[in-house]
Amino acid sequence: MKVLIINGSPRVNGNTTIAVNELVKTFNQEGVESEVVQIGNKAIRGCIGCYSCAENKKCVFDDEVNQLAPKFEAADGLVVATPVYYASPNGTVLSFLDRLFMSCKFDKTMKVGAGIAVARRGGCSATFDALNKYFTICGMPIASSQYWNSVHGAGKGEAEQDLEGLQTMRTLGRNMAFLMKSIALGKEKYGLPNQEPWQPTNFIR
């Protein structure tokens, strides 16, 4: 089992890293390989809706999105951890996810997804909801925990004091490992669900 973990914080070794590290430790205990990539300190521009990726199978902007696409395809699960800015993921994370999910044309069905929000106080639930929408639009089951996937801390290192938040990360790691292993067994026995041809329907004609 392999999981790609995206750290969307611009701060190296900040509170988002504390949350991610707790998850990585749990994955190690569960025999799941994980790779953490920090993108929050990169200059990643947003999608321009040019649709060239439909033909070229990659984004027209050749940056971390194209570099990480093969790792996403090879992974059994994707975790996206982000600090909360104005009750949503930060702009870099949103730009990265918009382009990653738009340009990656491989079948994502039954890859497991999980979002993590890290905040001083409020906005975690709205951020968590925004992350989950990327997974559910393409057939990716969402790994749950004992609470919404959030950790709290303002100053650097304060997330270490959020004992419930760190416990939520450990529970998420165990649940995600179980779900990925279960899906792998199900794919062996039953294969993936049948896919109907897409029937796009516009409301304005």
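Please read these numbers as outputs of a predicted model, since none were measured by experiment. Within every chain, residues take consecutive numbers counted from 1 along the sequence as written. Whole-chain, interface and lining totals are the exception, using all residues; otherwise, since this is a predicted model, local features are given only for residues with pLDDT of at least 70 and side-chain atom pairs are given and counted only at 80 or more. Excluding hydrogens and water, the side-chain figures rest on all heavy atoms present in the structure.

Draft legend 1. Structural detail: the environment of Arg120. Numbering goes from the N terminus for both helices and strands, where a helix is a DSSP run of H or I of at least four residues and a strand is a run of E of at least two. You can see Arg120 is positioned in the loop between β5 (112–119) and α5 (124–136). Separated by 38 residues in the primary sequence, Arg120 and Glu158 have C-alpha atoms spaced 9.2 Å apart. Setting aside its immediate chain neighbours within four residues, Arg120 contacts His152, Gly153 and Ala154. By the convention used here, residues are in contact when the closest approach between their heavy atoms is within 4.5 Å.

Draft legend 2. Highlighting α5. Between its first and last C-alpha atoms α5 spans 19 Å; for 13 residues at 1.5 Å apiece the expected length is 18 Å, and the two agree. Buried residues are those whose accessible area, probed at 1.4 Å on protein chains only, stays under 20% of the maximum for their type, while exposed residues exceed 50% and partly exposed ones sit between those limits. All of the buried residues along α5 are Cys124, Thr127, Phe128, Leu131, Asn132, Tyr134 and Phe135. All buried residues of α5 project into a common sector of 145 degrees when viewed along the axis, lining one side. Exposed positions of α5 whose direction lies more than 90 degrees from the buried face are Lys133 and Thr136. The secondary structure elements touched by the buried residues of α5 are β3 (77–85), β4 (88–89), α4 (91–103), β5 and β6 (150–152). Here the expected length of a helix is defined as 1.5 Å per residue gap, with one fewer gap than residues. Note that the arc is defined by the directions from the helix axis to the C-beta atoms.

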